[in-house]
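# Architecture at a glance
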Amino acid sequence: MAEVTAAGIQPEVLFWVGCAGSFDDRAKKITKAFVKILNEANVSFAVLGTEESCTGDPAKRAGNEFLFQMQAMTNIEVMNSYGVKKLVTACPHCFNTLKNEYPGLGGQYEVVHHTQFLNELLAEGRISVESGKFKGKRITYHDPCYLGRANGVYEAPRELIKKLDAELVEMKNSKKRGLCCGAGGAQMFKEPEKGDKDINIERTEQALETQAEIIAAACPFCNTMLTDGVKGKEKESSIQVMDIAELIASAKDL
Amino acid sequence: MEYLPNVIFAIVLLASIGFFTKNVGQIIRNINLGKQIDVSDQKSTRWKNMARIAMGQTKMVVRPIPGLLHIIVYLGFIIINIEVLEIIIDGLFGTHRIFAPLGALYSFLIATFEILALLVIVAVILFWLRRNILRLKRFIKPEMKGWPKMDANLILYIELALMIFFLTMNAADFQLQQLGAEHYTKAGVFPVSGLIASLFSDMSIPDLILLERTAWWLHILGILMFLNYLYYSKHLHILLAFPNTYYAKLGPKGQFKNLDSVTREVRLMMDPSADPYAVPAESTDTPDKFGASDVQDLSWVQLLNAYTCTECGRCTSECPANQTGKKLSPRKIMMDTRDRLEEVGKNIKANNGVFLDDGKQLLDTYISREELWACTSCNACVEACPVSIDPLSIIMDMRQFLVMEQSAAPSDLNNMMGNIENNGAPWPFNQMDRLNWSKEN
Ligand code: SF4
Ligand code: SF4
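The structure presented is a predicted model; accordingly, all values stated were derived computationally and were not measured. (Residues numbered from 1 in each chain as written. Chains lettered and ligands numbered in written order. Predicted model: local features only at pLDDT ≥ 70, side-chain atom pairs only at ≥ 80, totals over all residues. Heavy atoms only, no water.)

All names here are of chain B. In the vicinity of ligand 1 there are 13 residues, among which C319, C375, T376, C378 and C381 approach most closely. Taken together, the elements giving at least two residues each to the shell around ligand 1 come down to α17 (380-384) and α18 (391-406). Of the residues that constitute the shell around ligand 1, the class distribution is 10 nonpolar, three polar and no charged. (Near = heavy atom within 4 Å. Helix = DSSP H or I, 4+ residues; strand = E, 2+ residues; numbered from the N terminus. Nonpolar A, V, L, I, M, F, W, Y, C, P; charged D, E, K, R; others polar.)

Each partner contributes to the interface: chain A provides 68 residues, whereas chain B provides 61 residues. Contact between chain A and chain B buries roughly 5600 Å² in total, counting both sides, with carbon and sulfur atoms accounting for 63%. Across the contact surface, chain A and chain B share five salt bridges. In this structure, R434(B) engages E52(A) in a salt bridge whose closest nitrogen and oxygen atoms are separated by 2.8 Å. Along the contact surface separating chain A from chain B lie 33 residue pairs in polar contact (both at pLDDT 80 or more). (Contact = heavy atoms within 4.5 Å. Buried area = accessible area lost by both parts, 1.4 Å probe. Salt bridge = Lys/Arg side-chain N within 4 Å of Asp/Glu carboxyl O. Polar contact = N/O pair within 3.5 Å; in protein donor to acceptor, adjacent residues only side chain to side chain.)

Residues and elements named next belong to chain B. What surrounds ligand 2 is a group of 13 residues, the closest being C309, C312, G313, C315 and C385. Where the shell around ligand 2 is concerned, the elements lending two or more residues are α12 (314-318) and α14 (330-350). Taken together, the residues of the shell around ligand 2 break down into eight nonpolar, two polar and three charged.

It is worth spelling out the pattern of salt bridges at this point. Residue and element names in this part refer to chain B. Under the defined criterion, the tally for this structure stands at 39 salt bridges over all chains. Taking the shortest distance from any N to any O, the salt bridge between R340 and E343 comes out at 2.6 Å. Of this pair, R340 and E343 are both found in helix α14, three residues apart, which corresponds to roughly one turn of the helix. The exposure class of R340 is buried, given its relative accessible area of 0%. Sharing partners across several salt bridges, the network here consists of D294, R340, E343, D358 and K360. (Buried < 20%, exposed > 50% of the residue type's maximum accessible area, 1.4 Å probe, protein only.)

Buried accessible area, meaning the area lost when the parts come together, often serves as the stated size of an interface. Residues and elements named next belong to chain B. When cut into domains, chain B gives domain 1 (4-31 + 63-235) and domain 2 (260-267 + 289-426). Look at where the C-alpha atoms of domain 1 and domain 2 centre, and you get two points 39 Å apart. Facing the 18 residues of domain 1 at the interface are 23 residues of domain 2. Summed over both partners, the interface of domain 1 with domain 2 buries about 1700 Å², with 47% contributed by carbon and sulfur atoms. (Domains from an automatic or database assignment.)

Attention shifts here to the domain arrangement of chain A. Residue and element names in this part refer to chain A. When cut into domains, chain A gives domain 1 (2-119) and domain 2 (129-251). Each of domain 1 and domain 2 was reduced to a C-alpha centroid, and the two centroids are 23 Å apart. Facing 26 residues of domain 1, the contacting portion of domain 2 comprises 28 residues. For domain 1, the biggest contributors to the area lost against domain 2 are R26, H93 and N119; these three give 24% of the whole. Counting across the domain 1 and domain 2 interface gives one salt bridge. Summed over the shared surface of domain 1 and domain 2, the result is nine residue pairs in polar contact (both at pLDDT 80 or more). Here the residues of the side of domain 1 that touches domain 2 sort into 13 nonpolar, eight polar and five charged.

This brings us to the pairing of strand β8 (residues 240-243) of chain A. All names here are of chain A. When strand β7 (residues 214-217) meets β8, the two strands line up parallel, connected through four bridges. If you follow A216 over to β8, its bridge partner there is M242. Since β7 and β8 lie parallel, the crossover through helix α10 (residues 220-232) that links them has a hand, and here it is right-handed. (Pairing = 2+ DSSP bridges. Right-handed = clockwise from strand over helix to strand, strands pointing away.)

Looking now at the sheet that holds strand β6 (residues 167-169) of chain A. Residue and element names in this part refer to chain A. Spatially, four strands are ordered β6-β5-β7-β8 in an open sheet, and the strand pairing comes out parallel. Among the strands making up the open sheet, the edge pair consists of β6 and β8. Sheet twist, expressed as the mean angle between neighbouring strand axes with direction ignored, is 35°. Set on the sheet, α10 makes contact with β7 and β8; between it and β8 the angle comes to about 170°. (Axes fitted to C-alpha atoms, helices over the stretch in contact; angles between N-to-C directions.)

The next point concerns a nonpolar patch on the surface. Taken together, the side chains of L118(B), V122(B), I125(B), L126(B), L129(B) and I133(B) define a hydrophobic patch exposed on the protein surface, amounting to about 480 Å² of accessible area. By secondary structure assignment, the location of V122(B) is in helix α4 (residues 104-132). (Patch = residues over 30% accessible without salt bridge, like charges linked within 9 Å, V, L, I, M, F, W, Y side chains within 5 Å. Areas by Shrake-Rupley, 256 points an atom, 1.4 Å probe, with all protein chains shown as cover.)

What follows deals with helix α6 (residues 92-101) of chain A. Of all 10 residues in α6(A), nine are buried, a share of seventy percent or more. Buried residues of α6(A): P92(A), H93(A), C94(A), F95(A), N96(A), T97(A), L98(A), N100(A) and E101(A), and no others.

This next bit is on the confidence of the model for chain B. Low pLDDT marks regions whose predicted coordinates should not be analysed in detail. Counting all residues, the mean pLDDT for chain B is 93, and 96% of those residues have values of 70 or more. Confidence metrics for the complex model read pTM 0.94 and ipTM 0.95. (pLDDT = per-residue confidence, 0-100.)

On to the environment of K48(B), then. Residue and element names in this part refer to chain B. With respect to the helices and strands, the residue K48 is situated in helix α2 (residues 43-55). By relative accessible area, K48 is classed as exposed at 56%. Along the primary structure K48 and Y246 are separated by 198 residues, whereas in three dimensions their C-alpha atoms are 8.2 Å apart.

This part covers the environment of V301(B). Residues and elements named next belong to chain B. Within the secondary structure, V301 sits in helix α11 (residues 300-308). Given a relative accessible area of 10%, V301 falls into the buried group. Placed 266 residues apart in sequence, V301 and K35 show a C-alpha to C-alpha distance of 8.6 Å. Not counting the four nearest positions on each side in its chain, V301 is found in contact with I37, V39, N244 and Y247.

A word on the sheet that holds strand β1 (residues 13-16) of chain A. Where strands meet in a sheet, backbone hydrogen bonds hold them as pairs that are either parallel or antiparallel. Residues and elements named next belong to chain A. In space, the four strands of this open sheet follow the order β2-β1-β3-β4, with parallel pairing throughout. The two strands at the open ends of the sheet, each matched to only one other strand, are β2 (45-46) and β4 (110-113). Inspection of the sheet shows β1 paired to strand β3 (residues 86-89) by three bridges, in the parallel sense. Bridge pairing links L14 to L87 in β3. Across the sheet, helix α7 (residues 114-123) is in contact with β1, β3 and β4; its angle to β4 comes to roughly 90°.

All names here are of chain B. One number sums up the size of the second largest pocket: a volume of about 1200 Å³. In terms of lining residues, the second largest pocket is bounded by 47 residues, among which V73, F77, E159, H235 and I238 are the most central. Listing elements by their share of the lining of the second largest pocket, those giving two or more residues are α1 (4-31), α2, α3 (64-93), α4, α5 (147-179), α7 (205-229) and α8 (237-247). Residue contributions to the lining of the second largest pocket peak at 10 residues, all from α3. Partitioned by chemical class, the residues of the lining of the second largest pocket number 33 nonpolar, eight polar and six charged. Both domains that furnish three or more residues to the lining of the second largest pocket are identified here as domain 1 (4-31 + 63-235) and domain 2 (260-267 + 289-426). (1 Å grid on protein atoms, 1.4 Å probe; cavity = no way out; pocket = protein on both sides within 12 Å on 5 of 7 lines; lining within 4 Å. Points joined across faces, edges and corners; volume = space filled by probe spheres on them.)

Moving residue by residue along a regular strand, the side chains alternate between the two faces of the sheet. Two elements, β3(A) and β4(A), share four bridges in a ladder whose sense is parallel. Each residue of the ladder has a partner; that of T89(A), found in β4(A), is H113(A).

All names here are of chain A. Evaluation of the coordinates by the stated rule reveals nine cavities of 30 Å³ or more. Approximately 160 Å³ is the volume attributed to the largest cavity. Lining the largest cavity we find 18 residues, and of these D57, P58, H93, F189 and F221 sit closest to its centre. Listed by contribution, the elements that provide at least two residues to the lining of the largest cavity are α2 (18-23), α4 (57-62) and α6. No other element matches the three residues that α2 contributes to the lining of the largest cavity. For the lining of the largest cavity, the class distribution of residues is 12 nonpolar, five polar and one charged.

So, in structure tokens, the structure goes:
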């Protein structure tokens, strides 16, 4: 962002990469896939790079309001100094926090999730989706809590899957009644409490029941949890966990 | 002597209304122990939510079978109230079927009440079977042992008894009308009790009158007793569901409130030029405590939530933590909050308006840390609740207390927060490496 601003360019959108998208090996692949699509569509975008810092979501959900607001205000200061107007992110946790909790602290931006953004690009004819590769494949979609229930975005990702001419199959629990992957509320960063089962295993079992070949995810944390679940069930050879951006990029051979 | 029944009726009626009013006052006092929050915004959306969710029962039918059965009982409750009005007038003035002159409309009403009463009986029996024979999972969780289980069944028994009294009263009345008994004007159509009436065909007029009067009295006494039972029961939801859906959170479920006191503090820290003395007027409303460890730290809407909870367990059955065998149950969070609130309310009452420390609190005495830390903040409980209760908000407030007042987060989370503080990410990576992905293949 610093570079494009120095060059006097106001990019169309700021891509908020997020901590997972920056550091987690699996999530970095999603970041790269999404960037390929942005480049393909000639979207002028920027990233904050080393000036980006955690949104504060896990701190807030763990109960540390102070740390959350410190993070939020630091980020807001940076973004406001660049005059950021629109943000896109591939992480529903960042999406929720930026969209809902930043405005009250002085950060007013238009925030979209990458599945919504991809739909916008499609509607504007800036990208096309070739169906070939995934035609007729059974794909099940896992609703991330912070995209679905938390913000009511159920259709944007599903529309993209349908555009691939894939067969979208729903799990026992979906949309409003979707089952959590087990990562939210800062659970990602701690061991689960005592119980009979891990939540990601329960969810993976629901996904396996659909006999899908691909579990489509729209959140880097869900992706990790479900990938671990599939490994735990030793089903890596029959079912794959892929982000929607990866599906689109792969369909386009990017 | 002639007016004795009317006098007795008036006394009983006044006493039960008086007792009920006293209990309502107690509920309002207890709810007001919560922190004040401003919920005066977006009135039209709030009214719409109340109409849709409480009156329209839209969330109930997400599960069609209990939803439909519940609508029957709910309609029965609302509509049969017209009958109760007639009974009260008759009781006070010694009249009989005072609304009878409505003629065809009256016949229609009575017929409707009767059909509803029969449907309510069917629904109540099915409800009982679901709870006691089918033993649906959500009804037999640990928090449902003892009083909550008994309460749920008692409600069903009372409703069943009330409907039976109502139909018996009508059947005897119908029979008396057929026999042309004095005082029993021919009025109404009795599609259900007309069938039972044949059982009474051998009875004499005085016996029938005795039966009719007994059923009449038991019916109305039962209703008045039920009214006063509400305060001790999850059945309170029949009243509180309305304000509760009105005051429920608006806006996206994922949006958690930002603490203003923290905002002020952080602003001061981030802006070294800010004059710390420029804000003293406001700083008086800085809370002396972050988050919640007891009911007084919660907002009054959260306390209203607790009194409204129907203990239906829809939240718990959708909760990912509970489904996988963790101790957390969002229903239990609400039941604990109500129990503790009652305890605090009694404490204050016994000590002339001041709370005397009883060595207990909502945290630990009622809700364990293990429960609080098992939550994924997935909002499934909030979505599932048919009366717009938000158990998640209580969990989050209590976590806030644990972290901000006691630094008592699980050690993994302390590491995560330490990382965010030091390198701007929940993992121990250097902020300067944030863009490395762009250089990799
Ligand atoms: S938000 Fe927490 S309590 Fe509610 S359903 Fe999800 S995990 Fe359970
Ligand atoms: S909180 Fe709502 S869903 Fe949960 S038991 Fe109470 S009324 Fe039912």
